[in-house]
Amino acid sequence: MPEQPELTIQGWGPGGSRAATATAPEDVPEGQPEPARDPDPAAALPKAARRHLARELGWEPRATPPVAVGEIRLAPSRLPAEARDALAALLGEEHVRTDREARLRRAGGKSYLDLLRRREGDASDAPDAVVLPGSTEETAALLGLCAELGVVVVPFGGGTSVVGGLSGMDPDDRPSLAVDLSRMASLTSVDVASSLVTVGPGMRGPVFEEVLGARGLTFGHLPQSWEYATLGGYAATRSAGQSSTGVGRFDELVAGLTLATPSGVLELGHPPASAAGPDLLGLALGSEGALGVITELRLRVRPAPQTRVYEGWSFRTWADGLAGLQRLARHDLLPDVVRLSDPEETRANLLNAGGTGARLLRGSLRARGRADGCLLVVGWEGLPHVVRARRRAAVPVLREHRAARVGRRVGESWRAHRFAAPYLRDRLMDAGLLVETLETAATWTALPAVYDAVRTALRNALGRPGRQPLLMTHVSHGYATGASLYVTVLADRDDDLPLQQWLGAKRAATEALLAAGGTLTHHHAVGADHRPWLAREVGPLGVEVLRAVKQRLDPQGVCNPGVLLPD
Ligand SMILES: Cc1cc2nc3c(=O)[nH]c(=O)nc-3n(C[C@H](O)[C@H](O)[C@H](O)COP(=O)(O)OP(=O)(O)OC[C@H]3O[C@@H](n4cnc5c(N)ncnc54)[C@H](O)[C@@H]3O)c2cc1C
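Residues numbered from 1 in each chain as written. Predicted model: local features only at pLDDT ≥ 70, side-chain atom pairs only at ≥ 80, totals over all residues. Heavy atoms only, no water.

Trainee: Got a sec to walk through the sheet that holds strand 15 (residues 404-407)? Specific residues and values, please.
Mentor: Pairing in this open sheet of seven strands is antiparallel, and the strands run 15-12-14-13-17-18-16 from one edge to the other. Bordering the open sheet on either side are strand 15 and strand 16 (433-443), each of which pairs with just one other strand. Between one strand and the next, the sheet's axes are offset by a mean angle of 25 degrees, whatever the strand orientation. Pairing geometry for strand 13 (residues 337-341) and strand 17 (residues 470-475), over two bridges, is antiparallel. The residue of strand 17 that forms the bridge with Ser341 is His474. (Pairing = 2+ DSSP bridges. Helix = DSSP H or I, 4+ residues; strand = E, 2+ residues; numbered from the N terminus. Axes fitted to C-alpha atoms, helices over the stretch in contact; angles between N-to-C directions.)

Below you can see the structure in the form of structure tokens.
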């Protein structure tokens, strides 16, 4: 098939730009570029996509705009004047902020529930103040002071949590601080021979890649929130990026880190490897601010790739696609980027794709009897001869599973628009839609059952006569033992009870995926939203072990008490 002109494959996903402007950090740290905004806020979805959504969802587009930022309700700060003075004495007056704008911009994260609340004018989760420490020493002193004062601390990186990680909930209802890490965002050492760099937690991906690129290096961690999220946030949530199949998840790229806690500072990790007892570094990764603040990271980097090959393939069925990926994984042949869309997501992505190339691609897939197939985007990066050899070894396996090549333009288009999809979310929410995502992972053996279970649960929870949700699913991370599943849910919003509508669906989907053998979360973390189920993942004794660690490091329970551990 010839390469296609003008093709825009982007998909659908979480996020939100306009609705989130009230909560996005305004002060892009000095030296860090402004993230891309909504590429074209006025543009509507392509007609074909609108028709598809209306037909599938029984949805009638209607105007449901968010309240104006000025109308968002914010309670007065509860931080006592003496506490504010003590914080200012420690950090400097200009690094303690209680103004409306600073507090609103650190209110909550970017989950559908966060955005719904904000759109309705509710900022009850806003911190009472925002503080900006500048070093490990200051952060450690800050935590000690907050433990004394009885003030809750919630580390704030990029504010992109989608699991309620920044809700600041506290059973004792104490005043809370957002600890903004944007002042701690520099690269402090580069050891090229050891492929190691030391960097502050507040640095964002684009700047990190820029400073590494100048030295011929790359990090390669590219989650869809890359423009906003920070390195500290990735570590605290055990994030996975779009190239994690090849370069590894974030937690695999951390060689060491510094964790400031109310009880002292921990230096964890000893590259290249150590057998000195259990790995305490693993306790800090995924700790979501509940044990303290990550103030420095030692990360594994690699040479910048000399070549990149991205391309699209089409499988006839989802089962063929899963079998093909499983086979590649088994023989260690998975590409660096692997993104297999199920038929529902493939159809929606092709309808949402722009340009004449998209029309040609749809026509070509129809002509080849693959209109209901599954699109696979794959990408290899590295030294040219290595990329060539890896691709040459993988292609016959794809073909054995009846995959047909649909060209580089599809892969390149996906790569070019890889961060664009979340910006669609505002427009969809403005028009009366529920838009949310959920994710899990399972072994290759359990994956089909988990896929079916989640879809059935969501259909039962969100379906009504004549109205079915759209459930677009893809595999985005492959392992020898299994793969992740990522579901984007679109449904006609219940305008009377929107929070309850999603809470019910999320509960049903979580129960279903756990029962079928999926993990509670593959890369979004536990946050506030998943903590009721943590014992199902690690067992009651596992929860007690985590509690004991928290009790030792944070005896007053001031470190992000609303996340991770169940009530
Ligand atoms: C549009 C969109 C796309 C996304 N795509 C992906 C994706 O592809 N892959 C993925 O893994 N996730 C994704 N996410 C989720 C989110 O981006 C990640 O969880 C990310 O790691 C959070 O980073 P952050 O800097 O924004 O952290 P925040 O949202 O600011 O914080 C997240 C949690 O970590 C804690 N925390 C933050 N910094 C520190 C620190 N220095 N020390 C201790 N605790 C800290 C916070 O208190 C909070 O509990 C996406 C989110 C959005 C909105």
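Moving on from the coordinates now.
Trainee: Go over the pairing of strand 4 (residues 176-180) with me, naming the residues and quoting the values.
Mentor: Across the five residues that make up strand 4, a large majority, five, are buried. As judged from the three bridges shared by strand 2 (residues 129-131) and strand 4, these two strands associate in the parallel manner. Note on strand 4: the bridge partner recorded for Val131 is Val179. Pairing of strand 3 (residues 152-156) with strand 4 involves five bridges; the strand directions are parallel. For Val152, the partnering residue across the bridge sits in strand 4 and is Ser176. (Buried < 20%, exposed > 50% of the residue type's maximum accessible area, 1.4 Å probe, protein only.)

Trainee: Outline helix 1 (residues 47-57), listing residues and values.
Mentor: In an α-helix, one full turn covers 3.6 residues, which means residues spaced three or four apart are oriented alike. Regarding helix 1, the residues found buried are Ala49, His52, Leu53 and Leu57. Around the axis of helix 1, the buried residues are gathered within 100 degrees of arc, so they sit on the same side. Projecting away from the buried face of helix 1 at angles above 90 degrees are the exposed residues Lys47, Arg51 and Arg55. Those residues of helix 1 that are buried are in contact with helix 11 (343-352), helix 15 (425-430), strand 16, strand 17 and strand 18 (482-492). Looking one or two places after helix 1, you find Gly58, whose phi comes out positive at around 65 degrees. (Arc of directions from axis to C-beta. Contact = heavy atoms within 4.5 Å.)

Trainee: Explain the packing of helix 10 (residues 318-330) against helix 13 (residues 384-400) residue by residue, including any values.
Mentor: Where helix 10 contacts helix 13, the axes come no closer than 9 Å and their chain directions differ by 150 degrees. In terms of orientation, helix 10 and helix 13 fall into the roughly antiparallel class. Crossing angle aside, the handedness with which helix 10 passes helix 13 is right-handed. Along the contact surface, helix 10 presents Gly324, Arg327 and Leu328, while helix 13 presents Ala394, Val397, Leu398 and Glu400. (Parallel < 35°, antiparallel > 145°, perpendicular 65-115°, else oblique. Left-handed = near helix turned anticlockwise from the far one by under 90°.)

Trainee: Outline the pattern of salt bridges, listing residues and values.
Mentor: Under the criterion given, the structure shown has 35 salt bridges. Across the pair Glu296 and Arg298 runs a salt bridge whose closest N-O atoms are separated by 3.4 Å. Residue classification places Glu296 among the partly exposed positions, given a relative accessible area of 25%. Members of the salt-bridge network, linked through shared partners, are Arg62, Arg467, Asp492, Arg493 and Asp495. (Salt bridge = Lys/Arg side-chain N within 4 Å of Asp/Glu carboxyl O.)

Trainee: So, the site of the ligand: which residues are in play, and what are the values?
Mentor: If you check the shell around the ligand, you find 37 residues, and the closest are Pro155, Thr160, Ser225, Thr230 and Ala240. In this structure, Gln224 approaches the ligand through a main-chain N or O atom, which is 2.9 Å from an oxygen atom. Asn560 has a polar side-chain atom sitting 3.3 Å from an oxygen atom of the ligand. In isolation the ligand exposes 970 Å². Once the protein is present, 97% of that is buried. Residue assignment for the shell around the ligand shows that the elements contributing at least two residues are strand 3, helix 7 (231-237) and strand 10 (293-300). Top element by residues in the shell around the ligand is helix 7. It accounts for five residues. Classifying every residue of the shell around the ligand by side-chain character gives 16 nonpolar, 19 polar and two charged. (Near = heavy atom within 4 Å. Polar contact = N/O pair within 3.5 Å; in protein donor to acceptor, adjacent residues only side chain to side chain. Areas by Shrake-Rupley, 256 points an atom, 1.4 Å probe, with all protein chains shown as cover. Nonpolar A, V, L, I, M, F, W, Y, C, P; charged D, E, K, R; others polar.)

Trainee: Account for the environment of Ala68, with residues named and values stated.
Mentor: Assignment of secondary structure puts Ala68 in the loop between helix 1 and helix 2 (81-91). As for Ala68 and Gly121, which are separated by 53 residues in sequence, their C-alpha atoms are 8.0 Å apart.

Function cannot be read off these values alone, since they describe shape.
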